Amino acid sequence: MSRDTHPGVQCPHCQSHLALVPVPGNTAAAPVPVLPLTLKEEWQPPPVAEVLAVYAGRAKDTATATRGAAKVRESLNRARAAAAQRRAAQKTARRTPKSA
């Protein structure tokens, strides 16, 4: 028996297809229990309304929001400056020194 002839038999944990192999010599083997097939569901994110419901009754704190935005801007500016400095260092390293 090959895996192709029994596409419905799957591992209940990892959903991989299983091969049924006959046991040689033992003709009076105990019947194997058949597990119910459960189809693997695709993961779906929760609805947006359900996620935002947690924040529904909260008031906006403008002072905290302003501080947070300033921190984000400062972090982005530092990252841009570091990237520009790194690119400049790479550019100078690529240049071959001119011999005299």
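Structure shown above.
Residues numbered from 1 in each chain as written. Predicted model: local features only at pLDDT ≥ 70, side-chain atom pairs only at ≥ 80, totals over all residues. Heavy atoms only, no water.

Here's the deal with the overall build of the protein
- Summing up its helical and strand segments, the protein has 2 helices and 0 strands in all.
- Surface summary for the protein: the accessible area is close to 9,800 Å², and the carbon and sulfur share equals 61%. (Helix = DSSP H or I, 4+ residues; strand = E, 2+ residues; numbered from the N terminus. Areas by Shrake-Rupley, 256 points an atom, 1.4 Å probe, with all protein chains shown as cover.)

A short note on the pattern of salt bridges
- Overall, the coordinates contain 1 salt bridge when judged by the stated rule.
- With a closest N to O distance of 2.9 Å, Glu-74 and Arg-78 form a salt bridge. Of this pair, Glu-74 and Arg-78 both sit in helix H2 (residues 62-94), separated by 4 residues, roughly a single helical turn.
- Judged by relative accessible area, Glu-74 falls into the partly exposed class, the value being 47%.
- Look at Arg-78 and you get exposed, because its relative accessible area is 51%. (Salt bridge = Lys/Arg side-chain N within 4 Å of Asp/Glu carboxyl O. Buried < 20%, exposed > 50% of the residue type's maximum accessible area, 1.4 Å probe, protein only.)

Remarks on the environment of Ser-16
- Following the sequence through the fold, Ser-16 ends up in the segment before helix H1 (48-52).
- Note on Ser-16: relative accessible area 32%, which makes it partly exposed.
- If we skip the residues at most four places from it in the chain, Ser-16 touches Val-9, Gln-10 and Cys-11. (Contact = heavy atoms within 4.5 Å.)

Concerning a nonpolar patch on the surface
- Residues Val-48, Val-51, Leu-52, Val-54 and Tyr-55 make up a contiguous nonpolar surface patch of roughly 500 Å² in combined accessible area.
- When you line up the elements, Tyr-55 lands in the loop between H1 and H2. (Patch = residues over 30% accessible without salt bridge, like charges linked within 9 Å, V, L, I, M, F, W, Y side chains within 5 Å.)

Describing the environment of Gln-15
- Checked against the element boundaries, Gln-15 lands in the segment before H1.
- Distance in space between the C-alpha atoms of Gln-15 and Leu-39 is 8.4 Å, their sequence separation being 24 residues.

It is worth stressing that arrangement in space is one thing and function is another; only the former is reported here.
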